[in-house]
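# Chains, contacts and geometry: an overview
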Amino acid sequence: ANKTSVLPRKGAVNLAKERQFWSFQPLVDAAIPTVKASNWPQRSIDYFILSKLEQQKLSPAAAADRRTLIRRVTFDLTGLPPTPAEIDNFLYDKSPDPYQHLIDRLLDSEAYGERWGRFWLDVVRYADSNGLDENVAHGNAWRYRNYVIAAFNQDRPFNEFLTEQIAGDLMPETKSTATNNRRVIATGFLVLGPKVLAEVDKVKMEMDIIDEQISTVGQAFMGMTFGCARCHDHKFDPISTEDYYALAGVFKSTTTMESFKTIAKWNETEIASEQEQANYKTITSLIDTKTAELKTFTDAANQELLAALGVEKLPAEPETQYAADTKKQHQVLLDEVKKLTDDRGELPSAMAVTEHEPEDLMVHLRGSHASLGKTVERGFPEVFISANNHQIDAKSSGRLELAQWLTDPQHPLTARVFVNRVWRWHFGQALQPTTDNFGNLGEQPINQPLLDHLAKTFIDNGWSIKHLHR
């Protein structure tokens, strides 16, 4: 009774046929190919590469010398050149596996997360302002940026990394305030991005923000252009308008904006540490005590002033007419309250989403909220068979279920899309060239067995990004 069901939605699309498309097929790790030059491969992926080369009657390039190799891999993993000392250490390293030591050192460096975090920030449209009409500065956007860098440096498993960004606030609370706060910061992913903040039509503004979230989640994690289905069934991929509004209901049930009043203000959530909360409480208590002292002093001074003036009503700005000593003491107390208030400051906050009242949306005919069709329960696109395994609790937005569906090992796209991005970031060209479009208009993989092998081993090794690099 507490679950919403994923009901079949009938349409002109033949879902059984569409599910045969290569990117909607389940991940299956292909057998390691046999090759003629069997002494060349060192890792499993080498067999897939060499097999394709031999099919084209090509041979691998000669092995790089150590000086070339350290420059290549250092630029690749950190974006920086190796220092002369690092080059010498590698050139004269007599250990059994100097290359592996080099890789480990680079992956352990702070520069690794700074370089590879930037790649991810580009995917999720990170910026320090909304970038559109008002271009309002996001004063706390840097918290999400630092979260991403730290996630790469700490090798946070990609399935956890994804879940934190979509539903970090809904993950089970831990005993660590730092962990709970980190997960809240991660949801800044949904708040950031190009969002119009001065739209006159407030309902349209909200739906535009939801559309931006759907489009970003679809392209970043699945390489799918879901935004196309806002106004009509997708013209090229098996995504219907009902699929779109099933997803839109998830974000409609999420608080992204504090208000839609011009200029609309995004939501901020407090993320104070236990120590910061204790300090804030202590100083607040001091402020209350000092404020009470100030009030007692001011009340007495005002009574003296009334007696001195022989009137019943205080003049405007009575403190300007206090006696010199009284005025001096009054100012001292004012300064003490101000200093305490300045020292306390504000508790830190982060751009983040929270749960809203769960709501299923009606289909917006031609994308207009002024023309509504049937109500669609929150859920995930029908073309994905695994969608039925992740039904949304009627009392929740569905963001946590969305993240669980995306990180389900049976999901055909999430791992494929990410390893494909990593390959492109390493080598300049992806195994599937259109990294943001794994749909019918996207290109076919140039080596699908290798792509699927990478995706499957990525999952099997705990979604470790550093393991994928190695």
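Residues numbered from 1 in each chain as written. Predicted model: local features only at pLDDT ≥ 70, side-chain atom pairs only at ≥ 80, totals over all residues. Heavy atoms only, no water.

### Structural notes on the overall build of the protein
Across its full length, the protein carries 18 helices and 8 strands. Relative to the compact-globule value of 23 Å for 470 residues, the protein shows a C-alpha radius of gyration of 29 Å, a clear excess of over 25%. Within the protein, buried positions represent 47% of all 470 residues. Considering only contacts in the protein between residues 6 or more positions apart, those separated by 24 or more positions represent 67%. (Helix = DSSP H or I, 4+ residues; strand = E, 2+ residues; numbered from the N terminus. Rg over C-alpha atoms; globule rule 2.2 N^0.38 Å. Buried < 20%, exposed > 50% of the residue type's maximum accessible area, 1.4 Å probe, protein only. Contact = heavy atoms within 4.5 Å.)

### So, the confidence of the model for the protein
Counting all residues, the mean pLDDT for the protein is 94, and 97% of those residues have values of 70 or more. The low-confidence segment residues 1-10, where pLDDT is below 50, has 29 contacts with residues more than four positions distant or belonging to other chains. (pLDDT = per-residue confidence, 0-100.)

### Here we look at the side chain of Thr 163
Take Thr 163: it is sitting in helix H8 (residues 158-167). Within the structure, Thr 163 has its side chain in polar contact with the backbone oxygen of Asn 159 (distance 2.8 Å). Ignoring anything within four residues of it in the chain, the contact list for Thr 163 reads Gly 168, Met 171, Leu 400, Ala 403 and Thr 407. (Polar contact = N/O pair within 3.5 Å; in protein donor to acceptor, adjacent residues only side chain to side chain.)

### Considering the nonpolar core
Among the nonpolar cores identified, the biggest contains 100 residues, and Trp 120, Tyr 144, Phe 158, Ile 166 and Phe 221 are the most heavily contacted of them. Counting residues per element, this core draws most heavily on helix H11 (residues 202-222), at 9 residues. Sequence-distant contacts of Phe 221, defined by excluding residues within four places in its chain, comprise Trp 120, Phe 158, Leu 162, Ile 166, Phe 189, Thr 216, Leu 406, Leu 413, Thr 414 and Val 417. (Core = buried A, V, L, I, M, F, W, Y, C linked by side-chain atoms within 4.5 Å.)

### Some remarks on the packing of helix H13 (residues 274-309) against helix H14 (residues 324-344)
Their axes nearest at 9 Å, the elements H13 and H14 cross at an angle of 160°. By the angle between their axes, H13 is roughly antiparallel relative to H14. The two elements H13 and H14 meet at a crossing, and its hand is left-handed. Considered class by class, the residues forming the contact of H13 with H14 number 11 nonpolar, 7 polar and 6 charged. (Axes fitted to C-alpha atoms, helices over the stretch in contact; angles between N-to-C directions. Parallel < 35°, antiparallel > 145°, perpendicular 65-115°, else oblique. Left-handed = near helix turned anticlockwise from the far one by under 90°. Nonpolar A, V, L, I, M, F, W, Y, C, P; charged D, E, K, R; others polar.)

### Some remarks on the state of the cysteines
Under the criterion given, the structure shown has 0 disulfides. Looking at Cys 231, it has no disulfide partner, and the nearest cysteine sulfur is the one in Cys 228, 9.7 Å off. (Disulfide = S-S within 2.5 Å.)

### Observations regarding the pattern of salt bridges
Here the structure, examined in full by the defined rule, presents 26 salt bridges. Lys 374 is the partner of Glu 242 in a salt bridge, and the nearest nitrogen-oxygen pair spans 3.6 Å. Note that Glu 242 is positioned in helix H12 (residues 241-252) and Lys 374 in strand S8 (residues 372-376), a separation of 132 residues in sequence. The buried category is assigned to Glu 242, whose relative accessible area is 16%. (Salt bridge = Lys/Arg side-chain N within 4 Å of Asp/Glu carboxyl O.)

### Quick look at the packing of helix H3 (residues 66-78) against helix H6 (residues 110-123)
Interaxial distance between H3 and H6 falls to 7 Å at its minimum, and their mutual angle equals 65°. As summarised for this structure, H3 and H6 are arranged roughly perpendicular, according to the angle between their axes. Residues Phe 75, Asp 76, Leu 77 and Thr 78 of H3 lie in contact with H6, whose contacting residues are Ala 111, Tyr 112, Arg 115 and Trp 116. Across the contact of H3 with H6, the residue classes tally to 5 nonpolar, 1 polar and 2 charged.

### A word on H8
With 8 of 10 residues buried, H8 lies mostly within the body of the structure. Taken together, the buried positions of H8 are Phe 158, Phe 161, Leu 162, Thr 163, Glu 164, Gln 165, Ile 166 and Ala 167.

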